[in-house]
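Structure assessment
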Amino acid sequence: GVTQQAATAVAVAIGEELARREPKLVTVEFSKAKRGGRVFADPMRNASGQTIVPPYSVRNRPHAPVSMPLAWDEVSPTLDPAAFNVRTFAKRMAREDPWSDFWRRRQALPKIPGA
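Just so it is clear, the structure is predicted and the values come from calculations on it, not from any experiment. (Residues numbered from 1 in each chain as written. Predicted model: local features only at pLDDT ≥ 70, side-chain atom pairs only at ≥ 80, totals over all residues. Heavy atoms only, no water.)

Let's shift gears to unusual backbone geometry. Not every positive phi belongs to a glycine, and tyrosine 56 is a case in point at roughly 70°. On the secondary structure map, tyrosine 56 appears in the loop between β2 (39–40) and α3 (89–93). Judged by relative accessible area, which is 30%, tyrosine 56 ranks as partly exposed. With a phi angle near 50°, alanine 64 is a residue other than glycine that sits in the positive phi range. (Helix = DSSP H or I, 4+ residues; strand = E, 2+ residues; numbered from the N terminus. Buried < 20%, exposed > 50% of the residue type's maximum accessible area, 1.4 Å probe, protein only.)

Spelled out as structure tokens, the structure:
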């Protein structure tokens, strides 16, 4: 129910706020060389025609990592993405899906001035 411009404006604002609060962990720097190992909060993943790896997808990388939904309490600076791969997938799937209540938690986007 929001325009593409409004969704992008919110994504930009959220990325900037994350980078402000956690500058050692998150950046909005487009250049990989300038990110310094930080997570890139990319607002353009919300733009029309963009792609993202869907949950439970095997990545074409060494050791076959799997894109895995996480609960917020699992996210930390010491999280090792390599722990989620085709060998650990079945054990992970035996647990409750951390996104099982995804649609019950949806929220309206905040109003961003100028969006």
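That shown, we press on.
Tallied over the entire structure, the rule returns 4 aromatic pairs. Between tyrosine 56 and phenylalanine 89, the aromatic rings sit 6.3 Å apart at their centres with planes inclined by 80°, giving edge-to-face as the arrangement. Here the residue tyrosine 56 occupies a position in the loop between β2 and α3, and phenylalanine 89 occupies one in helix α3, the gap between them amounting to 33 residues. Each ring, one from phenylalanine 102 and one from tryptophan 103, has its centre 4.9 Å from the other, and the planes form 85°; the classification is edge-to-face. Taken together through their ring pairs, the aromatic side chains of Trp99, Phe102 and Trp103 make up a single cluster. (Phe/Tyr/Trp six-rings, centres within 6.5 Å; stacked < 30°, edge-to-face > 60°.)

A word on the confidence of the model for the protein. Should the pLDDT be low somewhere, the predicted coordinates at that spot are not to be read in detail. For the protein, per-residue confidence averages 88 on the pLDDT scale, and residues scoring 70 or more make up 98% of the total. Here helix α1 (residues 4–21) stands out as the least confident element of the protein, with mean pLDDT 91; strand β1 (residues 26–27) is the most confident, with 96. (pLDDT = per-residue confidence, 0-100.)

This part takes up the side chain of glutamate 74. Following the sequence through the fold, glutamate 74 ends up in the loop between β2 and α3. There is a polar contact of 2.7 Å between the side chain of glutamate 74 and the backbone nitrogen of alanine 71. (Polar contact = N/O pair within 3.5 Å; in protein donor to acceptor, adjacent residues only side chain to side chain.)

Here we come to a nonpolar patch on the surface. A grouping of Trp99, Phe102 and Trp103 is seen on the molecular surface, where their side chains present a nonpolar patch of about 390 Å² in accessible area. Along the chain, the position of tryptophan 99 falls in the segment after α3. (Patch = residues over 30% accessible without salt bridge, like charges linked within 9 Å, V, L, I, M, F, W, Y side chains within 5 Å. Areas by Shrake-Rupley, 256 points an atom, 1.4 Å probe, with all protein chains shown as cover. Salt bridge = Lys/Arg side-chain N within 4 Å of Asp/Glu carboxyl O.)

Moving on, we come to the pattern of salt bridges. Under the defined criterion, the tally for this structure stands at 6 salt bridges. Aspartate 101 is paired through a salt bridge with arginine 105; the nearest N and O atoms lie 2.5 Å apart. Owing to a relative accessible area of 15%, aspartate 101 belongs among the buried residues under this scheme. Overall, the relative accessible area of 59% leaves arginine 105 in the exposed class. Connected through salt bridges with shared partners, the residues Glu17, Arg20 and Arg21 form a single ionic network.

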